[in-house]
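# Structural characterization, general
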Amino acid sequence: MLPFAALVTIGACYMYGLVADMLWMQMICLILSTYLLFELNRTNELLRVRSQMVSSMFLLLFSATVFLFPDLRSEILELCAIAFYIMLFHCYQQRKSSGWVFYGFFCLGLASMVFVQVLYYVPLLWILMLHNLRALNLKTFFASLLGIVTPYWFVAVYYLYMGEYHFFIDHFSELGAFRPLWDYADVTEQQYVSFGWTVFLALIGIIHYLNQGYHDKTRTRMLYGVLMVVDVLTVAFLVLQPQHYAQLMPLILVNTAPLAAHYMTLTHSWLTNLSFFLIIIITLVVTAYHIWMPSSNFLSAMVISACSYLPL
């Protein structure tokens with residue numbers, strides 16, 4: 001499954017300017033994200049069986065939102081989110097895990113430099129550390145604060161040297177910048193299609209896990225609980241403030257991929273087997289739609305340009 005998903009993703013990225021626009025940094029981030037998801041699954045046994053479905057579903061979901069590929073910020077957010085989960089999941093029931101917490105929230109701090117609204121998640125993550133991971137105490141609390149602040153210490157030296165003293169004021173002022181709720185004026189048809197399909201898969205994965213998750217170990221159930229809570233709240237965030245689509249959609253992909261992979265790997269009825277093929281086919285159709293749209297616009301522009309030279 002993984003080679004097939006990789007071929008689909010590479011083809012989609014190529015059509016969206018991988019070579020033409022020299023989007024090699026975005027591709028490097030995508031490769032690293034795929035590998036880290038593989039490690040996340042392997043080290044935490046998210047699927048109970050040896051499977052590459054988590055990485056495969058991530059690549060297929062990424063292909064269904066391939067129009068975000070040229071946006072380097074989206075790729076960085078994906079990479080930081082996965083790295084954060086790898087670090088944080090090491091802390092399960094480990095009261096002396098300040099180092100892992102520091103590194104995890106350091107990744108979160110890096111993500112907040114790209115998208116400062118990531119800091120909204122910090123109180124939620126503390127609650128999840130307390131309830132799901134059983135890893136919150138004074139040491140890990142202060143380690144998380146130190147991890148978030150550390151990237152800004154390094155950046156502060158650069159901006160102070162450059163004399164850009166207002167960078168942090170402008171950066172953190174975005175935390176209080178809100179648009180009217182449900183303002184979808186700037187949301188495109190492509191964004192609607194990808195969001196709807198991804199949320200549908202997330203809903204299937206969540207319902208399936210709530211019904212069948214008792215087969216997993218307690219630790220695995222707690223980890224999936226973190227993914228489900230963050231996924232649902234990120235979807236709600238995007239619905240309320242859709243201007244952040246390009247930054248929130250990658251976070252939804254990261255949380256949805258393990259949920260969808262669990263459904264597609266560990267269900268074996270005739271209905272779920274049929275849905276497996278339907279999910280793959282519809283995802284390919286959505287990917288083809290995104291590839292066709294810019295190609296169609298390009299061809300239309302070429303036809304209009306050619307017709308302008310014809311005598312009327």
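So, here's what we can say about the structure. (Residues numbered from 1 in each chain as written. Predicted model: local features only at pLDDT ≥ 70, side-chain atom pairs only at ≥ 80, totals over all residues. Heavy atoms only, no water.)

## What to know about the overall build of the chain
Note the threshold: Comment: elements are numbered from the N terminus, with helices defined as DSSP H or I runs of at least four residues and strands as E runs of at least two. Restricting the calculation to C-alpha atoms gives the radius of gyration, and the globule rule supplies 2.2 Å times the number of residues raised to the power 0.38. Note on classification: 1.4 Å probe, protein chains only; a residue is buried when its accessible area is under 20% of the maximum for its type, exposed when over 50%, partly exposed between these limits. Two residues qualify as a contact provided that any one of their heavy atoms is within 4.5 Å of a heavy atom in the partner residue.
Looking only at helices and strands, the chain features 12 helices and 0 strands. Taking 2.2 N^0.38 as the reference for a compact globule, 312 residues should give roughly 20 Å; the C-alpha atoms of the chain span a radius of gyration of 21 Å, in line with that estimate. With respect to the principal axes defined by its C-alpha atoms, the chain has extents near 80 × 65 × 35 Å. Taking all 312 residues of the chain together, 51% fall into the buried category. In the chain, of all internal contacts separated by at least 6 residues, the share reaching a separation of at least 24 is 78%.

## What to know about the environment of T272
Locating T272 in the fold gives a position in helix α12 (residues 270–307). Through-space distance from the C-alpha of T272 to that of H244 is 34 Å; in sequence the pair is 28 residues apart. Once residues within four sequence positions are removed from consideration, T272 is found in contact with Y263 and T267.

## Some remarks on the nonpolar core
Heads up, the condition is: Think of a nonpolar core as a cluster: buried Ala, Val, Leu, Ile, Met, Phe, Trp, Tyr and Cys residues, connected wherever their side-chain atoms sit within 4.5 Å.
M57, Y85 and F105 are the most contacted members of the largest nonpolar core, which totals 93 residues. Ranked by residue count, the leading element in this core is helix α11 (residues 245–265), at 14 residues. Ignoring any residue separated from it by four or fewer positions in sequence, one finds F105 in contact with F84, L88, L125, W126, M129, S144, G147 and I148.

## Overview of the layout of surface pockets
Here is the rule: Note on definitions: the grid is 1 Å and covers protein atoms alone; a cavity is a set of points where a 1.4 Å probe fits but cannot get out; a pocket is an open set with protein on both sides within 12 Å along at least five of seven lines; lining residues have an atom within 4 Å of a point. Grid points are joined across faces, edges and corners, and a volume is the space filled by probe spheres set on the points. Residues are grouped as follows: Ala, Val, Leu, Ile, Met, Phe, Trp, Tyr, Cys and Pro are nonpolar; Asp, Glu, Lys and Arg are charged; all remaining types, including Gly, are polar.
In this structure, the largest pocket encloses a volume near 210 Å³. Around the largest pocket, the lining residues are F38, N41, R42, E45, L46, L47, R48, V49, R50, S51 and Q52. Residue composition of the lining of the largest pocket, by class: 4 nonpolar, 3 polar and 4 charged. By volume, the second largest pocket amounts to about 160 Å³. Lining of the second largest pocket is provided by L2, A6, T9, I10, M27, L30, I31, T34, Y35, F38, S55 and L59. Secondary structure elements with two or more residues in the lining of the second largest pocket: α1 (2–15), α2 (24–44) and α3 (53–63). A per-element tally of the lining of the second largest pocket places α2 first, with 6 residues. Across the lining of the second largest pocket, the residue classes tally to 9 nonpolar, 3 polar and no charged.

## Some remarks on empty space enclosed by the protein
Scanning the entire structure with this criterion turns up 1 cavity of 30 Å³ or more. In this structure, the largest cavity encloses a volume near 140 Å³. For the largest cavity, the lining is made up of 13 residues, of which A81, Y85, L108, V230 and L251 are closest to its centre. Contributions of two or more residues to the lining of the largest cavity are made by α4 (72–89), α5 (98–114), α6 (121–131), α10 (218–240) and α11. Of all the elements, α4 adds the most residues to the lining of the largest cavity, at 4 residues. Within the lining of the largest cavity, the residues separate by chemical class into 11 nonpolar, 2 polar and no charged.

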